[in-house]
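Report on the structure
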There are 2 protein chains.
Amino acid sequence: MPLDLKANEMKRVDELIGKRRKVVRGERLFQSGDKFNSLFAIRTGFFKTHTSTEDAREQVTGFQMAGEIIGLDGIVSDRHTCDAVALEDAEVCVMPFDRIEELSREITSLQRHIHKIMSREIVRENGVMLLLGSMNTEERLAAFLFNLAKRLQARGFSPSELVLRMTREEIGSYLGMQIETVSRTFKKMSVDGILEVNGRHVRIVNIDALTKMMEQKK
Amino acid sequence: MPLDLKANEMKRVDELIGKRRKVVRGERLFQSGDKFNSLFAIRTGFFKTHTSTEDAREQVTGFQMAGEIIGLDGIVSDRHTCDAVALEDAEVCVMPFDRIEELSREITSLQRHIHKIMSREIVRENGVMLLLGSMNTEERLAAFLFNLAKRLQARGFSPSELVLRMTREEIGSYLGMQIETVSRTFKKMSVDGILEVNGRHVRIVNIDALTKMMEQKK
DNA sequence: CGCGTCATTGATGTGCATCAAGTGGTGTGG
DNA sequence: CCACACCACTTGATGCACATCAATGACGCG
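What this report covers is the structure whose coordinates are included nearby. Because the structure is a prediction, the values reported are computed rather than measured.

Let us look at the packing of helix H3 (residues 108-134) of chain A against helix H3 (residues 108-134) of chain B. Remark: H3(A) packs on H3(B), axes separated minimally by 10 Å, with the N-to-C direction vectors making an angle of 15 degrees. Here H3(A) lies roughly parallel to H3(B), going by the angle between them. Viewed along their axes, H3(A) and H3(B) form a crossing whose handedness is left-handed. Here Ile114(A), His115(A), Met118(A), Ser119(A), Glu121(A), Ile122(A), Glu125(A), Asn126(A), Val128(A), Met129(A), Leu132(A) and Gly133(A) of H3(A) lie close against H3(B), whose contacting residues are Ile114(B), His115(B), Met118(B), Ser119(B), Glu121(B), Ile122(B), Glu125(B), Asn126(B), Val128(B), Met129(B), Leu132(B) and Gly133(B).

This brings us to the pairing of strand E9 (residues 201-204) of chain B. Residue and element names in this part refer to chain B. Side chains Val 202 and Ile 204 project from E9 onto a buried face, and the interleaved His 201 and Arg 203 project onto a face without burial. In terms of strand pairing, strand E7 (residues 161-163) meets E9 through three bridges, oriented antiparallel. Its bridge partner being in E9, Leu 162 is matched across the sheet by Val 202. Counting the residues in the hairpin turn of strand E8 (residues 195-198) and E9 gives two residues, including Gly 199, whose phi is positive at 60 degrees.

As a structural note, the neighbourhood of DNA strand C is formed by 15 residues, with Arg168(A), Ser183(A), Arg184(A), Thr181(B) and Arg184(B) the closest of them. For DNA strand C, a base nitrogen lies 3.1 Å from a polar atom in the side chain of Glu180(B). Within the side chain of Arg184(B), an N or O atom sits 2.8 Å from a base oxygen of DNA strand C. For the surface near DNA strand C, the secondary structure elements donating two or more residues are helix H6 (179-191) of chain A together with helix H6 (179-191) of chain B.

Cut-offs and rules
- Residues numbered from 1 in each chain as written.
- Chains lettered and ligands numbered in written order.
- Predicted model: local features only at pLDDT ≥ 70, side-chain atom pairs only at ≥ 80, totals over all residues.
- Heavy atoms only, no water.
- Axes fitted to C-alpha atoms, helices over the stretch in contact; angles between N-to-C directions.
- Helix = DSSP H or I, 4+ residues; strand = E, 2+ residues; numbered from the N terminus.
- Parallel < 35°, antiparallel > 145°, perpendicular 65-115°, else oblique.
- Left-handed = near helix turned anticlockwise from the far one by under 90°.
- Contact = heavy atoms within 4.5 Å.
- Buried < 20%, exposed > 50% of the residue type's maximum accessible area, 1.4 Å probe, protein only.
- Pairing = 2+ DSSP bridges.
- Near = heavy atom within 4 Å.
- Polar contact = N/O pair within 3.5 Å; in protein donor to acceptor, adjacent residues only side chain to side chain.

Here's what the structure looks like:
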């Protein structure tokens, strides 16, 4: 999201996001129970976040790519309530939340920016609830791919050539379906001429059919 | 959540929440597409929020009771993205968001408070995603009732005597299940001696069994 | 280049949706 | 004040979408 600042403000925001941290593939940026100190802005790489229950059940709650913010879950209780795992080597900006609050008291546009980021996450999760609560498996996978494509496009990548960074299992967890069902649904969509699927390489052949598939009647 | 203020701060926050609005049962407090101006704090009554798609599909995204805040979805795009409907006659405080931001630039504890409210909503939605994505119908209903009971208890009501303000259909929409399944699951839990169910009057007889039911293995 | 992880594919089972019918409670108008 | 209509809910019968079980195939990377 855009955030226009005056030169002197820019400088102060820059120093806020000065510290960097590298996270190698498979490593956790934070995990449930960790003390919350900072938000993280992804510079490069790809993450998943997931919650887990005592009985070892896991639910992937989101996939995040460059330019997105993770860690918002930690604010409410000063502890993180989910895990963030790098799905490929990544680098993040560490943004101490105290400093964010301090600065956003002075820089109105930053304050608004933070609020929008949090609101956007709420709206995003509303969308996932809609997906999980009322769509069948085909619609879910279509919505998932469409969303990925849009985000890649916004970053200047091709919206039709996707390289999935997550396993079928992680997709399944996110979409509330079993790994075999994910696989079969990919197959069906490729038989139907909507996708070309080759492992983690997915090409969207018919974007119109894909969008229609998201809103098919039950 | 607690919010301790000095006397002069208190006064200013008080005037922020000065304006009231009554919403009769069935009426919408706001709906998708409405311009976003204010957050709403529920003084009395009970609400549901739901999203809808073009193809008329609806998903209840939450039920809110006295003391809770609604409208956070509107911040990101300056428009509401869901509907808020009163399930019983209600009164809310109208809190202009501009004023909230203004004040929270001056009152640090208010600023933190707002951030926590938004983060809490994010965490709550994570929980719903877990529920929708990985629990069976019994577990979902158990989790739903347990959550309601906790919130009522926090407000000084009995945690075992519930009067549901929503229909079976609304419960079903929230939990991603059909109305008949909601009904049958209530029945089963009452046969199992966990609940006593009489229409919208529900008594939790065996809270231990209820909590165990939330974490049964798949 | 071999081994383990990830993905595919087929066969079978089942939890929940769907279809269908009926009950009870509540408000309304004759 | 009763009869009717309407709505929310329940209950039973049936079907299907997706889970589960099982086996094999194909990478990717160390």
